[in-house]
Amino acid sequence: MADRKLTEKLGDYVQDAHAMETSVLQMLDSMIATTTDPRIREDLERHKGQTEKHEERLRNRLEQLGRDTSTRKEAQTIVSSLMKGVVDQVRGDKAGKNARDGFVTEHMEIASYELLERLAERAGDRETAKIARTNRRDEEAMAKKIAGKWDKFIDLTLEEEGIDAPKPRARSTSRQTTARGRSRPMTSRRR
């Protein structure tokens, strides 16, 4: 492993990732409690199981690095998650807003694991880099799953609000979907 300051910084990043996953577990509980669609609820429950594994891997890694979880960092993230849970119980548009919040959270996790992996590589810590890569793959898969169901989330939101709206027409074939689930205009090739 690298010098002491780099090792300390790596431990800080692992603590941050652990606190993030602890917060996400709270958020997933709230989302599961406010989701009525059985398939979406099943996806959330499956992802909660993955998130529990992420938290466990990070906690074990902290122990191996001789570090504890950060009570301060976890308290800050848990308070935010609990507040979100209260808001989720009373707000409308649960399906759409849960999907939006989940999508944003997945991308925050992806970014956190990208940074953790790169820092671990610079510190020569292959195990932490491997954990970051493994956890990130689950987050990328969940973000892609959410991105593939935007119309379903809108349908559920409209149904929840008692709004009758026409179903969307088929998407134009002049767009293609990228690997991350975003669509972008196709460019024509000039010869």
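How each quantity is defined
- Residues numbered from 1 in each chain as written.
- Predicted model: local features only at pLDDT ≥ 70, side-chain atom pairs only at ≥ 80, totals over all residues.
- Heavy atoms only, no water.
- Helix = DSSP H or I, 4+ residues; strand = E, 2+ residues; numbered from the N terminus.
- Buried < 20%, exposed > 50% of the residue type's maximum accessible area, 1.4 Å probe, protein only.
- Contact = heavy atoms within 4.5 Å.
- Areas by Shrake-Rupley, 256 points an atom, 1.4 Å probe, with all protein chains shown as cover.
- Core = buried A, V, L, I, M, F, W, Y, C linked by side-chain atoms within 4.5 Å.
- Salt bridge = Lys/Arg side-chain N within 4 Å of Asp/Glu carboxyl O.
- 1 Å grid on protein atoms, 1.4 Å probe; cavity = no way out; pocket = protein on both sides within 12 Å on 5 of 7 lines; lining within 4 Å.
- Points joined across faces, edges and corners; volume = space filled by probe spheres on them.
- Nonpolar A, V, L, I, M, F, W, Y, C, P; charged D, E, K, R; others polar.
- Axes fitted to C-alpha atoms, helices over the stretch in contact; angles between N-to-C directions.
- Parallel < 35°, antiparallel > 145°, perpendicular 65-115°, else oblique.
- Left-handed = near helix turned anticlockwise from the far one by under 90°.

Quick word on the overall build of the protein
Step number 1: Counting its regular elements, the protein contains 6 helices and 2 strands.
Step number 2: Reading the secondary structure of the protein in the N-to-C direction produces α-α-α-α-α-α-β-β.
Step number 3: Per-residue burial over the protein gives 39% buried out of 191 residues.
Step number 4: Restricting to contacts in the protein with at least 6 residues of sequence separation, those with at least 24 account for 73%.
Step number 5: A total of about 12100 Å² of accessible surface is found on the protein, and carbon and sulfur atoms cover 50% of it.

Focus: the nonpolar core
Step number 1: If you look at the biggest cluster of nonpolar residues, it comprises 27 residues, and the most contacted ones within it are L10, V14, A17, L44, L58, Y113 and L116.
Step number 2: Contributions of two or more residues to this core are made by α1 (4–33), α2 (38–64), α4 (94–122), α5 (126–147) and α6 (150–160).
Step number 3: Broken down by element, this core gets its largest block of residues, 9 residues, from α1.
Step number 4: Aside from chain neighbours lying at most four places away, what touches V14 is L58, L62, L65, L116 and T128.

Thoughts on the pattern of salt bridges
Step number 1: Counting across every chain of the model gives 19 salt bridges.
Step number 2: With its nearest N and O atoms 3.3 Å apart, the salt bridge here joins R136 to E140. Remark: E140 and R136 occur in helix α5; sequence separation between them is 4 residues, near one turn of the helix.
Step number 3: Through salt bridges with shared partners, a single network forms among E114, E117, R118, E121, R133, R136 and E140.

Topic: empty space enclosed by the protein
Step number 1: The full count for this structure, using the stated rule, is 1 cavity of 30 Å³ or more.
Step number 2: Roughly 50 Å³ of volume is contained in the largest cavity.
Step number 3: Where the lining of the largest cavity is concerned, the elements lending two or more residues are α1, α2, α4 and α5.
Step number 4: At 4 residues, α1 tops the list of elements feeding residues into the lining of the largest cavity.
Step number 5: Its residues placed into classes, the lining of the largest cavity shows 7 nonpolar, 3 polar and 1 charged.

A short note on the packing of α4 against α6
Step number 1: Contact pair α4 / α6: the axes reach a minimum separation of 6 Å and the direction vectors enclose 145 degrees. Packed against α4, whose contacting residues are K94, A95, G96, A99, R100 and F103, the element α6 presents W150, F153, L156, T157 and E160 at the interface.
Step number 2: In the contact of α4 with α6, the residues fall into 6 nonpolar, 2 polar and 3 charged.

Considerations on the packing of α2 against α5
Step number 1: Running from N to C, α2 and α5 cross one another at 165 degrees; their axes reach a closest spacing of 11 Å. Accordingly, the angle class assigned to the pair α2 and α5 is roughly antiparallel. For the crossing formed where α2 meets α5, the hand is left-handed. Note on element contacts: α5 touches α2 through E127, T128, I131, T134, N135, D138, E139, M142 and K145, opposite D43, L44, R46, H47, Q50, H54, R57, L58, R61 and Q64.

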